[in-house]
Amino acid sequence: MFNLKYILRNFWKPLSILLLVYAIVAGFSISIPDTNIGDTLRNVFYHVGMWFALLALMTSSFIHSIRYLSKGQMIDDSKANEGVLVGLFFGILGIITGMIWATFTWGVPWTNDPHLNGAAVSLLVYFAYQVLRSAVPDAEKKARVAAVYNIFAYIILLVFVGILPRLSTNTLHPGSADGNPAFGDMDAQMRLVFYPAILGWILLALWILNLRNRARKIESDLQEKEME
Amino acid sequence: METENKIWVVVAVLTTILVGIGIYLFNLDRKLTKMERKMKEEKK
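Residues numbered from 1 in each chain as written. Chains lettered and ligands numbered in written order. Predicted model: local features only at pLDDT ≥ 70, side-chain atom pairs only at ≥ 80, totals over all residues. Heavy atoms only, no water.

Caption draft 1: Spotlight on the overall build of chain A. Counting secondary structure elements, chain A contains seven helices and zero strands. In chain A, the succession of helices and strands from N to C terminus is α-α-α-α-α-α-α. The C-alpha extent of chain A, read off along each of the three principal axes, is 65 × 45 × 25 Å. Every one of the 228 residues in chain A was classed for burial, and the buried ones make up 44%. Across chain A, every contact between residues at least 6 apart in sequence was considered, and the portion connecting residues at least 24 apart equals 74%. In the form shown here, chain A has an accessible surface area of approximately 11,800 Å², with 67% of it arising from carbon and sulfur atoms. (Helix = DSSP H or I, 4+ residues; strand = E, 2+ residues; numbered from the N terminus. Buried < 20%, exposed > 50% of the residue type's maximum accessible area, 1.4 Å probe, protein only. Contact = heavy atoms within 4.5 Å. Areas by Shrake-Rupley, 256 points an atom, 1.4 Å probe, with all protein chains shown as cover.)

Caption draft 2: Representation of a positive patch on the surface within the structure. Residues K5 and R9 of chain A together with R37, K40 and K44 of chain B make up a contiguous surface patch of positive charge. Contributing elements (two or more residues each) for the positive patch: helix 1 (4-10) of chain A together with helix 1 (7-43) of chain B. Given the relative accessible area of 55%, R9 of chain A is considered exposed. (Patch = residues over 30% accessible without salt bridge, like charges linked within 9 Å, V, L, I, M, F, W, Y side chains within 5 Å. Salt bridge = Lys/Arg side-chain N within 4 Å of Asp/Glu carboxyl O. Lys, Arg positive; Asp, Glu negative; His and termini not counted. Charge placed at Lys NZ, Arg CZ, Asp CG, Glu CD.)

Caption draft 3: View of the nonpolar core. Ranked by internal contacts, the top residues of the largest apolar core, which has 39 residues, are V44, F45, F90, M190, F194 and L204 of chain A. Among the secondary structure elements, those contributing two or more residues to this core are helix 2 (12-29), helix 3 (44-71), helix 4 (74-105) and helix 7 (188-227) of chain A together with helix 1 of chain B. Residues F62, V84, I95 and V125 of chain A belong to the second largest nonpolar core, which totals 17 residues. (Core = buried A, V, L, I, M, F, W, Y, C linked by side-chain atoms within 4.5 Å.)

Caption draft 4: Main features of a nonpolar patch on the surface. Residues and elements named next belong to chain A. A cluster of nonpolar residues, I92, I96, I100, F104, L124 and F127, forms a patch on the protein surface that exposes about 610 Å² of accessible area. When residues of the nonpolar patch are traced back to their parent elements, those giving at least two are helix 4 and helix 5 (114-135). Tallying contributions element by element places helix 4 first for the nonpolar patch, with four residues. Relative to the helices and strands, L124 is located in helix 5. On the accessibility criterion, L124 (56% relative accessible area) is exposed.

Caption draft 5: Quick peek at the interface of chain B and chain A. Facing 21 residues of chain B, the contacting portion of chain A comprises 21 residues. Where chain B packs against chain A, one counts four salt bridges. Close ionic contact of D29 of chain B with K13 of chain A constitutes a salt bridge, the shortest N to O distance being 2.9 Å. Counting the contacts that link chain B with chain A gives six residue pairs in polar contact (both at pLDDT 80 or more). Partitioning the side of chain B that touches chain A into residue classes produces 13 nonpolar, three polar and five charged. (Polar contact = N/O pair within 3.5 Å; in protein donor to acceptor, adjacent residues only side chain to side chain. Nonpolar A, V, L, I, M, F, W, Y, C, P; charged D, E, K, R; others polar.)

The structure is reproduced here in structure tokens:
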């Protein structure tokens, strides 16, 4: 169990927790630039992480959808589906944490902002992916339709979360003219917490995805056995 | 760290929760590994 191969394949899992513990301890103790939002600026280490986790999960899902279309193996369809499910979980957390933060900095939980609306539209597109799946009874057909839809969903996600918000000028949310929606005007010390935090969230999300995929695999293997 | 404000108590709580989640996921991982091994052996 504790051979080198096992360690190499799994070390990133506890690393995610280690990075996030660092993100909490350092994120709460470093001194941050004096802005008009005060200590709530520290939310950037946690709230933004949700969106990077979502992006990583949807990217994984997108890759598996393409793989399904080229190879036709059901396991890839299952992995694409799980990626979207875990991604939606992190997306909902991102929306909720964003609304909490906005309430205290902008005074309202939601503004008519391209960042916010873009995120909401993207999540709805992925909810529709789940609805689509449940609407097609035949497994093979479902897999194919879902994979094609998922490719378009990913493009929509990139446009609405990655491109359109950066082009917007009429926005409160950081990161339009200054390039990245997440990085804004962080100083060097904040970046030293921010990057490990983001990596930690992404690894944690991938760990959860990994667990779900493996559980699904066992489930389908057992079903196969019952059929025999 | 501003000990006056006792923010470290919050840090301790959050760290505990996070480590707890880590242990939970770790155990789940091991459970799945065991099941995977069992499935493999039964296939043989």
